Structures are given as structure tokens and as C-alpha cells.
Amino acid sequence: MLALLALSAAAAAVALAVAVASAVRSPIRARAASSCPALVAHRGYAYPYSTQPENSLGAFAAAFRAGAKVVKADVQFSAPSPGNPGGDAVIIHDTTVNRMTTWRGAVDRYQVGTLIRMRLLEKPGVDSSVTSQHIPTLDQALTAIKADRGRVMLEIHADPLTAPQAHLIASELVKVGGWSTSPGWVSFNSFWPASLAAIRAAVAATGHTVVTQLLTWSYTPNAAGNRLEDVAYAQAPASVKAGPPLTAAEVAAMHAAKVKAGAFTPDSRAEWSRLASWEVDQITTDDAGGYVAWCKARA
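Residues numbered from 1 in each chain as written. Predicted model: local features only at pLDDT ≥ 70, side-chain atom pairs only at ≥ 80, totals over all residues. Heavy atoms only, no water.

(A) Expanded view of the confidence of the model for the chain. Mean pLDDT over the chain stands at 88; residues scoring 70 or higher make up 87%. Every residue in residues 1-30 is under pLDDT 50, and counting partners more than four places away or in other chains gives 20 contacts. (pLDDT = per-residue confidence, 0-100. Contact = heavy atoms within 4.5 Å.)

Rendered as C-alpha cells:
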């Protein structure tokens with residue numbers, strides 16, 4: 001009897017998977033199964049795949065030269081200043097400067113004038129690999145990316161993103177411009193739905209709109225207002241309490257809900273091919289050059 005119940009449960013699971021896969025046939029699938037998922041160059045095109053430090057102007061330029069159209073950059077905030085009570089926006093992933101510079105301490109401990117003097121390391125954590133490049137401000141990064149006619153996805157790490165911080169980011173976007181000639185050239189993602197809602201509201205107050213994407217370590221129903229859910233392809237670090245990584249059935253479920261599916265950060269051809277077979281819409285990878293070559297080989 002137990003065996004029959006187990007077989008029935010297994011059959012039901014298979015039927016559910018088939019039903020979800022059938023539901024995927026909706027307008028959300030904009031690409032052909034044989035084409036490549038959209039590429040996002042994770043923190044640019046950096047070490048160990050190039051000689052550029054991650055999240056540097058050089059890494060972003062290298063990604064565009066390699067054929068990427070979109071780069072991902074991480075936003076943190078400096079110590080508050082009289083003009084910016086929420087701090088100034090700079091481009092660095094970690095909450096400290098330890099891994100990517102020869103300095104030590106929290107990013108928000110330093111004023112922006114000090115942060116932009118810090119030289120970046122080519123090899124994270126290796127002080128002898130210091131380069132001539134410095135931590136860029138958000139304004140510097142946006143200006144350089146726009147000059148390269150590229151696009152950028154900004155990851156918001158602040159939780160919560162305060163009103164002054166959201167206003168600062170929106171103001172920077174307006175100052176750099178490009179909305180009329182290249183709508184949507186800046187988008188946002190974050191693990192924090194409230195931070196994404198804050199940036200949508202701040203940008204809307206300027207008369208513009210932005211696309212936002214929810215980052216998750218393990219698939220969950222997508223939060224309202226986000227066009228894509230970007231899910232970890234590999235198991236989350238032990239320090240993060242999360243469920244299993246992305247599966248083909250979850251990609252189908254997102255499509256059935258008319259939400260695009262993304263994956264971060266697979267770096268091998270085998271992984272890219274597997275995700276393409278699942279019809280993932282977007283892949284964020286460290287190896288932008290390798291991805292472009294793999295995609296061309298599929299044509």
C-alpha cells in the first residue's frame with residue numbers, strides 16, 4: 001500500500017511539472033529556445049577572466065569590448081555628509097573596503113573623497129595586486145557606461161534604502177541623462193523588495209520609470225512590481241539561510257506567472273547550456289568574454 005501511495009505521489013509530481021511546463025507557452029518567452037539568454041556581465045569583466053578589478057571603470061569597459069551589452073554594478077553608500085545625509089553612492093560590492101583595497105574598515109565609515117582615492121586590487125584580498133584604478137562614484141560609473149553606449153543593472157545593497165539615498169540615486173540618473181535616446185539603459189535589482197519599491201518611487205517622482213528585478217537565493221513567488229526574478233544557480237553560502245538553487249521546474253513556474261527568469265552566477269559552458277535548455281531569460285556571469293564566444297558558437 002505504501003508503495004502504491006509513493007507511486008501515486010510521484011505520478012502527481014510529474015503531472016504537475018508537465019502542467020507547469022505547458023503553461024509556460026505565454027508571451028513572456030521572448031526568445032527562441034535555440035538562442036542565448038540575455039547576458040549581464042557581473043561586476044564587469046574582471047579577474048580572473050581579465051586583468052581588471054571588479055566593479056571598476058576598466059572592468060565595465062572590458063565587458064563592452066568583449067561584446068556584453070549590460071554590466072552589473074554594486075551600489076554602497078559612504079559616510080553621511082552635510083549635503084547627503086544618506087551618504088554618497090559609490091560602486092563596490094562589499095560593506096567593507098577590505099577585500100578590494102589595501103585599506104580596512106566599513107565603506108560607510110569613510111567620506112566619499114577618501115573612498116575615491118582608494119586603489120582597487122586586481123586580485124581580491126591580495127594587496128600586492130594593487131592597480132591604478134580607484135573606487136568609482138555612481139556618477140562616474142554611469143557617465144562612463146553611457147559614453148560606451150552600454151546598459152547597467154545596479155544592485156542596491158542598502159536594507160532599507162532610505163528616502164535620501166533613493167532620492168540621491170534618482171537625481172544621479174537624471175543628471176547623467178540618456179532617458180530619451182536609450183530608455184531603460186539603467187535598471188535595478190536587490191534582495192530587498194522594499195528597497196526596490198523605494199527606488200521605483202524615487203525615480204517616478206522625477207517623471208521616469210525603471211525596471212527592477214528581485215534577487216533571491218532560492219526561488220520564491222516574485223514580489224509585486226518586479227519584471228524578473230534572478231535566482232542563484234548554485235547553492236547559497238552556508239552563512240545564508242536559503243533553500244535549494246534554481247531548477248527547470250521553477251523557471252517554468254516563473255514563466256507561467258508571466259515573470260522572466262534569471263540565474264546568477266554560472267561561469268561554465270555546461271551551466272550556460274543547461275540554463276538555455278531550461279529557457280532562462282537572463283544569465284549573469286563573471287566570464288562575459290567566454291559567454292559571448294559560447295553564444296556565437298550556438299548560432
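Back to the write-up after that little detour.
(B) Structural detail: the packing of aromatic side chains. What the rule picks out here adds up to eight aromatic pairs. Both rings, one in F191 and one in W217, keep their centres 5.4 Å apart while their planes meet at 20°; by these two values the pair is stacked. One end of the pair, F191, is in the loop between β7 (186-190) and α6 (193-204); the other, W217, is in the loop between β8 (212-216) and β9 (228-232), with 26 residues separating them in the sequence. An aromatic cluster of at least three residues, connected via ring pairs, comprises F191, W217 and F264. Geometry around F264 places K72 over its ring, the cationic atom sitting 5.9 Å from the centre. (Phe/Tyr/Trp six-rings, centres within 6.5 Å; stacked < 30°, edge-to-face > 60°. Helix = DSSP H or I, 4+ residues; strand = E, 2+ residues; numbered from the N terminus. Lys NZ or Arg CZ within 6 Å of the ring centre and 35° of its normal.)

(C) Region of interest: the nonpolar core. In terms of nonpolar packing, the biggest core is built from 56 residues, with L142, V152, L154, I169 and F188 touching the most fellow members. For this core, the element with the most residues is helix α5 (residues 163-176), which contributes six residues. Apart from the residues within four sequence positions on either side, I169 is in contact with V75, F77, L138, I156, L161, F188 and I199. Judged by nonpolar contacts, the second largest core, of ten residues, contains I92, V97, L115 and I135. (Core = buried A, V, L, I, M, F, W, Y, C linked by side-chain atoms within 4.5 Å. Buried < 20%, exposed > 50% of the residue type's maximum accessible area, 1.4 Å probe, protein only.)

(D) Spatial organisation of the environment of R99. Here R99 is to be found in the loop between β3 (89-91) and α3 (112-115). Separated by 21 residues in sequence, R99 and L120 place their C-alpha atoms 9.2 Å apart. With sequence-adjacent residues up to four places away left out, R99 is seen in contact with R43, E54, H93, D94, L121, P124 and G125.

(E) The pattern of salt bridges, seen in detail. Considering all chains together, one arrives at eight salt bridges under this definition. Among the ionic pairs, R43 bridges to D74, the shortest N-O distance being 3.6 Å. Taken as a pair, R43 in the loop between β1 (38-42) and α2 (57-66) and D74 in strand β2 (residues 70-77) lie far apart in primary sequence, 31 residues in all. With a closest N to O distance of 3.3 Å, D127 and R104 form a salt bridge. Taken as a pair, D127 in the loop between β4 (119-121) and β5 (130-134) and R104 in the loop between β3 and α3 lie far apart in primary sequence, 23 residues in all. On the basis of relative accessible area, D127 is assigned to the partly exposed category, the value being 34%. (Salt bridge = Lys/Arg side-chain N within 4 Å of Asp/Glu carboxyl O.)

(F) The arrangement of helix α8 (residues 269-277) in detail. Of the residues making up α8, those classed as buried are W272, L275 and A276. Buried residues of α8, seen end-on, are gathered within an arc of 100° and therefore sit on one face of the element. Of the surrounding secondary structure, the elements contacted by the buried residues of α8 are β10 (260-264), β11 (282-285) and α9 (288-298). Just downstream of α8 lies E279, where phi reads positive at about 65°. (Arc of directions from axis to C-beta.)

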